[in-house]
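# Architecture and fold: a report
Residue-level listing of the chains:
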Amino acid sequence: MEMALLFGVVASSALIAGAFVGVRFELPKRFLAMLLSFAAGALITALTFELFEDAYERGGIVRAALGLLAGALVFTILSALLDRWAQPTADPTPADEFQGSAKLDTDAAAAGKAPSPVSTRGAAGMALLAAVTLDGVPENVALGVALGEGTGGLALLAAIFVSNLPEALVGAASMRSQGRTSGAIMGLWTICAVLLVAAVVLGAGPLSGTDPATISLPLAFAAGAVIASLADTLMPEAFEHGGPAVALSTAAGFVLSFVLSLA
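Residues numbered from 1 in each chain as written. Predicted model: local features only at pLDDT ≥ 70, side-chain atom pairs only at ≥ 80, totals over all residues. Heavy atoms only, no water.

## Quick look at helix α6 (residues 182-204)
With 23 residues, α6 extends 33 Å from end C-alpha to end C-alpha; this agrees with the ideal 33 Å at 1.5 Å per step. By the burial criterion, the buried members of α6 are Ile 185, Trp 189, Cys 192, Ala 193, Leu 196, Val 197, Ala 199, Val 200, Gly 203 and Ala 204. (Helix = DSSP H or I, 4+ residues; strand = E, 2+ residues; numbered from the N terminus. Expected span 1.5 Å × (residues − 1). Buried < 20%, exposed > 50% of the residue type's maximum accessible area, 1.4 Å probe, protein only.)

## Regarding a nonpolar patch on the surface
Together, Phe 49, Phe 254, Val 255, Phe 258, Val 259 and Leu 262 make up a nonpolar patch on the protein surface, roughly 520 Å² of accessible area in all. Within the fold, Val 259 resides in helix α8 (residues 246-261). Take Val 259: its relative accessible area is 49%, and that puts it in the partly exposed class. (Patch = residues over 30% accessible without salt bridge, like charges linked within 9 Å, V, L, I, M, F, W, Y side chains within 5 Å. Areas by Shrake-Rupley, 256 points an atom, 1.4 Å probe, with all protein chains shown as cover. Salt bridge = Lys/Arg side-chain N within 4 Å of Asp/Glu carboxyl O.)

## Side note on the environment of Gly 144
Tracing the chain through its elements places Gly 144 in helix α4 (residues 124-148). The exposure class of Gly 144 is buried, given its relative accessible area of 0%. In this structure the C-alpha to C-alpha distance between Gly 144 and Val 197, which are 53 residues apart in sequence, comes to 9.3 Å. Not counting residues within four places of it along the chain, the set of residues in contact with Gly 144 comprises Val 200, Gly 203 and Ala 204. (Contact = heavy atoms within 4.5 Å.)

## Some details on the nonpolar core
Soluble globular proteins tend to bury their nonpolar side chains together. Ranked by internal contacts, the top residues of the largest apolar core, which has 38 residues, are Leu 51, Leu 143, Leu 156 and Leu 230. Those elements that provide at least two residues to this core are α1 (2-24), α2 (29-86), α4, α5 (154-177), α6 and α7 (212-242). A total of 12 residues in this core trace back to one element, the largest contributor, which is α2. (Core = buried A, V, L, I, M, F, W, Y, C linked by side-chain atoms within 4.5 Å.)

## Considerations on the side chain of Glu 167
The residue Glu 167 is located in helix α5 in this model. Among residues more than four places away in sequence, those in contact with Glu 167 are Leu 128, Val 132, Trp 189 and Leu 234.

## Re the side chain of Asp 54
Assignment of secondary structure puts Asp 54 in helix α2. Beyond its immediate stretch of four places on either side in the chain, Asp 54 contacts Phe 49 and Leu 219.

Following this line, the structure appears as structure tokens:
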């Protein structure tokens, strides 16, 4: 249980670190895109070898496939609702046109870029916080299950860490653009971090000893949520602002996460 708590703290510390950077600093937009694409590459390895493969081995292909589709469906629907929430309430004008995911406004965290109206008048930061919690809970439960059964989890830990960092950074910067205080922003992301630590402990404790077929469902659900977040948010946003070069950082994230999965 101590190891689960440690892994949970390490994974969730990226949220607090990212929020701090987002509140205090502005970074080059291309660098932010590279961070997002690196996280996407790491998550590809994690969802394949740490989530879906485990779900398949525990519950069979039908249960794993249904769980993955359910996770993807739930994330897609809720993500669309969050994007709508993040958009300005007024009818957009040409100056308000926004491409990519409304909740992931990297302009708010980028040096030399004015935050889009999505950040300054909408709820982009809060929507991204909700999205991180949505896919973070099943991911961290899966991490706890892996630790509780002694099956590793390093690749999933690395993937969660590197995805939490840029998302918290951009989310905190969007909140800052809305005029929220630094204390309020850090408090919100800290609450999210504590919740995700609790999810790891839950996975390593009560859930790790349950029937393998039962565990396969949350693992597959987490894989579906992750793959939907890659297609819906991380990869499109990274390419939009980083260009073709993000292919290299995506590959680097994949290789690093794969090497860790072998440990």
